[in-house]
Structures are given as C-alpha cells and as structure tokens.
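Examining the three-dimensional arrangement
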Amino acid sequence: MGYEALVLVTGETEQPLGYVCFGKTPMTAFTYDLYWIAVDPETQGKGVGTRLLHALEALLRQRGGGNVRVETSSQEEYDGTVAFYLRNGYETVGRISQFYREDDDLIILCKRLLAGE
Ligand SMILES: CC(C)(COP(=O)(O)OP(=O)(O)OC[C@H]1O[C@@H](n2cnc3c(N)ncnc32)[C@H](O)[C@@H]1OP(=O)(O)O)[C@@H](O)C(=O)NCCC(=O)NCCS
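Quantities reported herein were computed from a predicted structural model and do not represent experimental measurements.

A few points about the sheet that holds strand S2 (residues 15–24)
Here six strands make up an open sheet; going across it, the order is S1-S2-S3-S4-S6-S5 and the pairing mixed. Across the chains shown, the open sheet's two edge strands, defined by having one partner strand only, are strand S1 (4–10) and strand S5 (91–101). Across the sheet, the mean angle separating the axes of adjacent strands is 25 degrees when strand polarity is ignored. Relative to strand S3 (residues 31–39), S2 runs antiparallel, the two sharing seven bridges. Bridging across to S3, Cys21 finds its partner in Trp36. Contacts between helix H1 (residues 48–62) and the sheet are confined to S1, S2, S3, strand S4 (65–73) and strand S6 (104–114), with S2 contributing the most and set at about 35 degrees to the helix.

Structural data, given as structure tokens:
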C-alpha cells in the first residue's frame, strides 16, 4: 500500500510550495488516508492547499473514488485546518476525547468521492 505524495512546485527552480501525503487504508476496499497536507507558511491562505486537495481528489476519482479520511487535533492552532477541510466538503464524523493528551481530542473528518465526478 505505502505512501504517495503530490507536490505543488513553482517557477523554473520548481520550488515546492506545498504537498499532500496520502495512502490507501489497509483492509479497506476504497478508503484513503490523507496523512498530511502542508503549505509553505509564507504561501498559506492563497489557495495552494485547496489546489493540492482538488488534485488529490481528482486522482482518487480517476482510481474509482471512495472515502478520504483525515485526522487532526482539536487544539486551537488547528481551528484553521478544520475550517479548511469543512469548506472543502469534508464532514466531521468522529471525535475521541483526550486522544493526544488532556484537552487535545482527535477529530476525524471524511469525504466521499464518486468515480468520474
Ligand atoms: C491547512 C493548510 C494545508 C491549508 O492550505 P492553504 O494554502 O493555507 O489554504 P487555502 O489558501 O487553499 O484555503 C484557505 C482556507 O484554509 C483555512 N486556513 C487554514 N490555515 C490557514 C492559514 N494559515 N492561513 C489562511 N487560511 C488558513 C481557512 O479556512 C481559509 O479559508 P478563508 O480564506 O475563508 O479564511 C495550510 O494552512 C497548512 O499547511 N497548515 C499547517 C499544517 C497543517 O495544519 N496541516 C494539516 C494537518 S491535518
């Protein structure tokens, strides 16, 4: 199964602006984990994360679609990250309290992609 990544680069030097790392979830028919998405801090808020997410979703639709699962933290510093997923059609489907540590819950978000959409 393993990990795969999409990297968005710019200019002749192909400087990376951000990447998304994902992989097929073991023991599932059509579920993927989005393990990490990160954009250069100086470039955040300019649409790079959305472009990476759309590129990932297009790729997974080509492969037949399925679920994309994301896990993140309830800490305030991740409020922007949760908002990013929600505005891109992800739904909060679960929460485990005190998962990472006291006052730091696990938040699970998911989006269903249909093939060829
Ligand atoms: C979350 C992240 C990938 C979003 O990428 P981005 O290129 O900044 O996002 P976009 O420009 O495409 O979308 C902007 C939206 O994302 C959200 N957002 C999250 N972090 C943000 C930030 N630092 N700056 C601006 N918007 C941010 C907001 O909801 C914003 O919507 P708004 O413009 O209506 O306020 C990026 O901010 C990042 O790398 N964050 C740190 C790493 C991280 O938390 N990764 C996710 C781990 S699960």
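Examining the pairing of S2
By the bridge criterion, seven bridges tie S1 to S2 in an arrangement that is antiparallel. Across the sheet, residue Val9 finds its bridge partner in S2, namely Pro16. Here S1 hands over to S2 after four residues, with Gly11 in that stretch at a positive phi of 70 degrees.

Some points on the site of the ligand
Taken together, the neighbourhood of the ligand is formed by 19 residues, with Gln44, Gly45, Gly49, Thr50 and Gly80 sitting nearest. Of all the secondary-structure elements, those providing two or more residues to the shell around the ligand are S3, H1, S4 and helix H2 (79–87). Broken down by element, the shell around the ligand gets its largest block of residues, five residues, from H2. Tallied by class, the residues present in the shell around the ligand amount to nine nonpolar, eight polar and two charged.

So, unusual backbone geometry
Phi is positive for Gln98, close to 50 degrees, though the residue is something other than glycine. With respect to the element layout, Gln98 can be found in strand S5. The phi dihedral of Asp103 is positive, around 60 degrees, even though this residue is not glycine. Mapped onto the elements, Asp103 comes out in the loop between S5 and S6. Overall, the presence of 9 C-beta atoms within 10 Å leaves Asp103 in the exposed class.

Parameters and conventions
Residues numbered from 1 in each chain as written. Predicted model: local features only at pLDDT ≥ 70, side-chain atom pairs only at ≥ 80, totals over all residues. Pairing = 2+ DSSP bridges. Helix = DSSP H or I, 4+ residues; strand = E, 2+ residues; numbered from the N terminus. Axes fitted to C-alpha atoms, helices over the stretch in contact; angles between N-to-C directions. Contact = placed C-beta atoms within 7 Å. Near = placed C-beta within 6 Å. Nonpolar A, V, L, I, M, F, W, Y, C, P; charged D, E, K, R; others polar. Buried ≥ 20, exposed ≤ 12 C-beta atoms within 10 Å, placed from the backbone.

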